[in-house]
Amino acid sequence: MYSVGIDVGSVAAKAVVFDGHEIVAKEIIPTGWSPKESGEKLFEMVTSMARVDKNEIKSIVGTGYGRVALSFIDRKVTEITCHGKGAHFIDSNIRTVIDIGGQDSKVIKLDEKGNIIDFLMNDKCAAGTGRFLQVMAHALEIDVSELSQIGEGATPETISSMCTVFAESEVISLMASGASKEGIAAGLLQSVCSKTYTLVSKVGVQNKVFFSGGVSKNYLLREFLSKKLGVEVFSSELSQYLGAIGAAVIGYRD
Amino acid sequence: MRPEIMAEVEGLRGVNSVKIKEASEAGKKVVGMYCVFSPQEIAMAADAITVSLCGTIQAPIEEAEKELPRNLCPLIKSSYGFAITDKCPYFYFSDVLLAETTCDGKKKMYELMSKLKPMHIMNLPQTANAENSLELWKKEMIYFKEFLEKQFGVEITDDKLRAAIKLLNRERKAMKRLHQLNAHKPAPLSGMDMMLAQWLKGFNVDKEAGIELIERLTKEVEERVEKGIYAFDENAPRILLTGCPIGSGSEKVLRILEESGASVVALENCTGYKGLDVLVDEDKDPITALAEKYLSTPCSCMTNNNGRLDLIERLAKEYEVDGIVDLTWQACHTYNIESFTVKNFAKDVLNLPFLQIETDYSDSDVGQIKVRVEAFLEGIK
Ligand code: SF4
Ligand code: SF4
């Protein structure tokens, strides 16, 4: 038997197929304008990839902001619980999960069974989220995926505004005053790092720390976070699928 | 299914706005009040009607923001908005206003509001435990009494005070009994209905009729318990809601909690149980007894405010709650800072899951709050 976990986020939709031991198929597509459509499409994609028949599926669990739009799922679970379960599945030693997605950032504290002890989520504001980095990269006229590469080894410029709108004009005036792209890129990642650090500190860091969500692909930010927190921050190629994995695990087990 | 009498309770707002007009036109005096620290008994002993004016609705905030900073607690902005737009019949018919020096935001807003109507301000001590606090607060009671005597040309006798104390104690006891019904597992009354019943009593023009209505509601709920009719099923996580005041229009967080499957069994906030807990001593000199009762209010404006932790602990145990949710209105420093203390207390002493939500009256963050609330409830199950 199999279970399917679908995580429809604000930017990307992810799905995995789980056979009770392993992830046997995974896929990611842009969410686009319709979370319902991308969720359905993704379901077809992963089940055919894994070559599973519909009646071999015991449960489909949806998570992420788009979960409410999915009509074919058996259960909805919040991304917070799913990230906790997903992290525990990947490595049962994980106690802190830092998840930075397109719209929100959260920190989750887990016990040894992968249950959530505590969590914090950013409020309405976009500071410190993927959206923040995207807007800033746009101002720098680079792709958001290039930030790490460009910023590596540079002396970070100070970005003092917390607010995305103000930080954008700060970046523009820094560029006008001749600051290097490299320095600004590093400065932006530092600013996300310190914002995340505050969030993590409120919950309290507990080793092992895992970094998930789209922004975790940013290796320089992960390095900054490790330094600031004083413990190694791990990530994995499955990071972006954490929510979907957690959903599939929940669907399989309970 | 909700109790039938709730429809009558909900109708109170409309009924009372007519009653207050009639009473005012018939020459009755009305005292508008803003806070749980307001000694209603003194106004009643002056033969006046008391109404609660705390703003709990988003609509007048836009107007208020023309004069007040945007980054201010929505309760203060809403209260002020109602005052300057004349949209609240209770404000309109208030002959005088009573304000207290509680949080900084309210204090400074009252300075602006005092230009609209005669206002009396009571100087609330910053702490309830200092040696001179009670003396000071007693004097403030006397000043308020003298203010009303002068304004309304009446004499407030000890006998009248005693009668008012008795009446309001009866009201508190009736409300308390209603509240305590939810200690039953599962809870027979939803948190929403509980909040409405308590909030609407603040508009009650006819106290006796109000008490009678609450007693009838209690009776109906008791009968439902006997028949095994409850507001939620027995697996619903039982939540204690604490923090800033809420009312109709600012019930967002309470509503999200219950829509997500929780049963809010206890409302610790000042629009809930906080003001009901302690009765006024009926045997003491009335002014002293009133000063003692009101000074014991465990509000975050006081430093320290350990009484709040005691009350939370008591309610958490009596109501067998599964988690604590602390609501903070945006820019409310006192409750926001105190939330850290409450969180540690919930986790370390009570061993209960805790969630703080900071928000305002708007609907812009409903989706966000839902995620947090649902995840919190998933963690409890
Ligand atoms: S929270 Fe405190 S200051 Fe605000 S209304 Fe309640 S008792 Fe008054
Ligand atoms: S909620 Fe906080 S800021 Fe607002 S009036 Fe009450 S104590 Fe003051």
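Coordinates for the structure precede this section.
Each residue is numbered by its place in its chain's sequence as written, counting from 1. Chain labels run from A onward and ligand labels from 1 onward, assigned in the order the entries are written. The predicted nature of this model means local features are confined to residues of pLDDT at least 70 and side-chain atom pairs, given and counted, to a pLDDT of 80 or more, with totals for whole chains, interfaces and linings taken over all residues. Each side-chain value is worked out from all heavy atoms of the structure, with water and hydrogens disregarded.

Novice: When you look at the layout of surface pockets in this model, what are you seeing that I'm missing?
Specialist: Any empty space left between the atoms is revealed when a probe the size of a water molecule rolls over them. Approximately 1,100 Å³ is the volume attributed to the second largest pocket. As for the second largest pocket, its lining consists of 44 residues, and the residues nearest its centre are Ser10(A), Val11(A), Gly101(A), Gly102(A) and Gln103(A). The helix and strand labels rest on DSSP assignments: H or I over at least four residues marks a helix, E over at least two residues marks a strand, and numbering proceeds from the N terminus. Considering every element that reaches the lining of the second largest pocket, the biggest residue donor is helix α15 (residues 366–380) of chain B, with five residues. In the scheme used here, Gly and all other residues not listed as nonpolar or charged are polar, with Ala, Val, Leu, Ile, Met, Phe, Trp, Tyr, Cys and Pro taken as nonpolar and Asp, Glu, Lys and Arg as charged. Split by residue class, the lining of the second largest pocket holds 13 nonpolar, 18 polar and 13 charged. Here a cavity denotes a set of grid points, spaced 1 Å apart and computed over the protein atoms alone, in which a 1.4 Å probe fits but from which it cannot get out, and a pocket denotes an open set meeting protein on both sides within 12 Å along at least five of seven lines; residues with an atom within 4 Å of a point are reported as lining. Grid points are joined across faces, edges and corners, and a volume is the space filled by probe spheres set on the points.

Novice: I would appreciate a short explanation of the pairing of strand β1 (residues 2–8) of chain A in the present structure.
Specialist: It is a general feature of regular strands that their side chains alternate between the two faces of the sheet. All names here are of chain A. Between buried and exposed lies partly exposed: a residue is buried under 20% and exposed over 50% of the maximum accessible area for its type, with that area taken using a 1.4 Å probe on protein chains only. Taken across its seven residues, β1 has seven buried, putting it largely inside the fold. The alternating pattern of β1 places Tyr2, Val4, Ile6 and Val8 on one face and Ser3, Gly5 and Asp7 on the opposite face, and all of these are buried. Sheet analysis places β1 next to strand β4 (residues 57–63), joined by six bridges and oriented parallel. Paired with Gly5 across the bridge in β4 is Val61. Strands pair, by our definition, only if DSSP identifies at least two bridges between them.

Novice: I keep staring at the site of ligand 2 and nothing clicks. Help me out?
Specialist: For each residue, the test is whether any non-hydrogen atom lies within 4 Å of the molecule or strand; if one does, the residue is near. The environment of ligand 2 is formed by Cys73(B), Leu75(B), Ile76(B), Cys103(B), Lys106(B), Cys244(B), Trp329(B), Cys332(B) and Thr334(B). Counted by class, the shell around ligand 2 contains seven nonpolar, one polar and one charged residues.

Novice: Could you clarify how one ought to interpret the state of the cysteines in this entry?
Specialist: Here a disulfide denotes one covalent bond, and it connects the sulfur atoms of two cysteines. Our working definition of a disulfide is a cysteine sulfur pair at a distance within 2.5 Å. Following the criterion strictly, the structure yields zero disulfides over all chains and no others. Summary of cysteine pairing: Cys54(B) is not part of a disulfide, and the nearest cysteine sulfur, belonging to Cys270(B), is at 6.7 Å.

Novice: Just to check I follow, could you spell out the pairing of strand β4 (residues 119–122) of chain B for this structure?
Specialist: Residues and elements named next belong to chain B. Pairing of strand β3 (residues 96–100) with β4 involves four bridges; the strand directions are parallel. Pairing of Leu98 across the sheet is with His120, part of β4. Note that the unit made of β3, helix α6 (residues 104–113) and β4 has a crossover that is right-handed. Look down the strands so they point away from you; if the path from the first strand over the helix to the second goes clockwise, the crossover is right-handed.

Novice: Just to check I follow, could you spell out the site of ligand 1 for this structure?
Specialist: Every residue near ligand 1 is listed here: Cys35(B), Val36(B), Phe37(B), Thr102(B), Lys106(B), Pro245(B), Cys270(B), Cys299(B), Cys301(B) and Tyr335(B). Its residues assigned to classes, the shell around ligand 1 comprises eight nonpolar, one polar and one charged.

Novice: Any chance you could explain the packing of helix α13 (residues 306–318) of chain B against helix α14 (residues 333–349) of chain B here in plain terms?
Specialist: For any two helices packed against each other, the geometry is given by the interaxial angle and the distance between the axes. Residues and elements named next belong to chain B. Helix axes use the C-alpha atoms of the stretch in contact, all axes being lines fitted to C-alpha atoms, and the angles between their N-to-C directions lie in the range 0 to 180 degrees. Axis separation between α13 and α14 bottoms out at 11 Å; the angle between their running directions is 50°. What the angle tells us is that α13 and α14 run oblique. Remark: the crossing between α13 and α14 carries right-handed chirality. Contacts from Arg308, Leu309, Ile312 and Glu313 in α13 reach Tyr335, Glu338, Thr341, Val342 and Phe345 in α14. Throughout, the term roughly parallel applies to angles under 35 degrees, roughly antiparallel to angles over 145, roughly perpendicular to angles from 65 to 115, and oblique to all others. In this scheme the handedness of a crossing depends on how the near helix is turned from the far one: anticlockwise by less than a right angle means left-handed, clockwise means right-handed. Only heavy atoms enter the contact rule, under which two residues are in contact if any of them lie within 4.5 Å.

Novice: Mind showing me how you'd approach empty space enclosed by the protein here?
Specialist: All names here are of chain B. Summed over all chains, the structure comprises seven cavities of 30 Å³ or more. Size it by volume and the largest cavity reaches roughly 550 Å³. Taken together, 27 residues make up the lining of the largest cavity; nearest its centre are Val36, Gln40, Ser52, Lys201 and Cys270. Elements with a contribution of two residues or more to the lining of the largest cavity: β2 (48–52), α8 (158–180), α9 (191–201) and α12 (286–295). Counted as a void, the second largest cavity has a volume near 70 Å³. Taken together, Arg13, Ser52, Leu53, Cys54, Thr56, Ile57, Phe82, Cys88, Tyr90, Trp199 and Phe203 form the lining of the second largest cavity. Partitioning the lining of the second largest cavity into residue classes produces eight nonpolar, two polar and one charged.

Novice: Would you explain the sheet that holds strand β5 (residues 75–76) of chain A in this entry?
Specialist: Strand pairs in the sheet, formed through backbone hydrogen bonds, run parallel or antiparallel to each other. Residues and elements named next belong to chain A. Spatial ordering of the open sheet is given by β3-β2-β1-β4-β5, a layout of five strands whose pairing is mixed. If you trace the sheet from one side to the other, it starts and ends with β3 (23–30) and β5, each paired once. The strands touched by helix α1 (residues 35–49) are β1, β2 (12–18), β3 and β4; relative to β3, the strand with the most contacts, the crossing angle is about 150°. Most of the contacts of helix α8 (residues 242–253) go to β1, to which it runs at about 145°, and overall it touches β1, β2, β3, β4 and β5.

Novice: Any chance you could explain the interface of chain A and chain B here in plain terms?
Specialist: Accessible area lost when the parts come together is the quantity often used to give the size of an interface. Counting residues at the interface gives 16 residues for chain A and 14 residues for chain B. Contact between chain A and chain B buries roughly 1,200 Å² in total, counting both sides, with carbon and sulfur atoms accounting for 49%. Of all residues in chain A, the largest losses of buried area upon contact with chain B belong to Phe119(A), Met121(A) and Lys124(A), amounting jointly to 41% of the total for that side. Salt bridge, as applied in this entry: a Lys or Arg side-chain nitrogen positioned within 4 Å of an Asp or Glu carboxyl oxygen. Here chain A is connected to chain B by three salt bridges. The partner of Asp118(A) in a salt bridge is Lys347(B), and the shortest N-O contact between them spans 3.2 Å. Elements represented by at least two residues in the side of chain A that touches chain B include exactly α2 (79–90) and β8 (116–121) of chain A. Here the side of chain A that touches chain B takes four residues from β8(A), the largest share from any one element. Grouping the amino acids of the side of chain A that touches chain B by side-chain chemistry returns five nonpolar, three polar and eight charged. Buried area is a sum: the accessible area each of two parts loses on coming together, probed at 1.4 Å, counted once for each and added.

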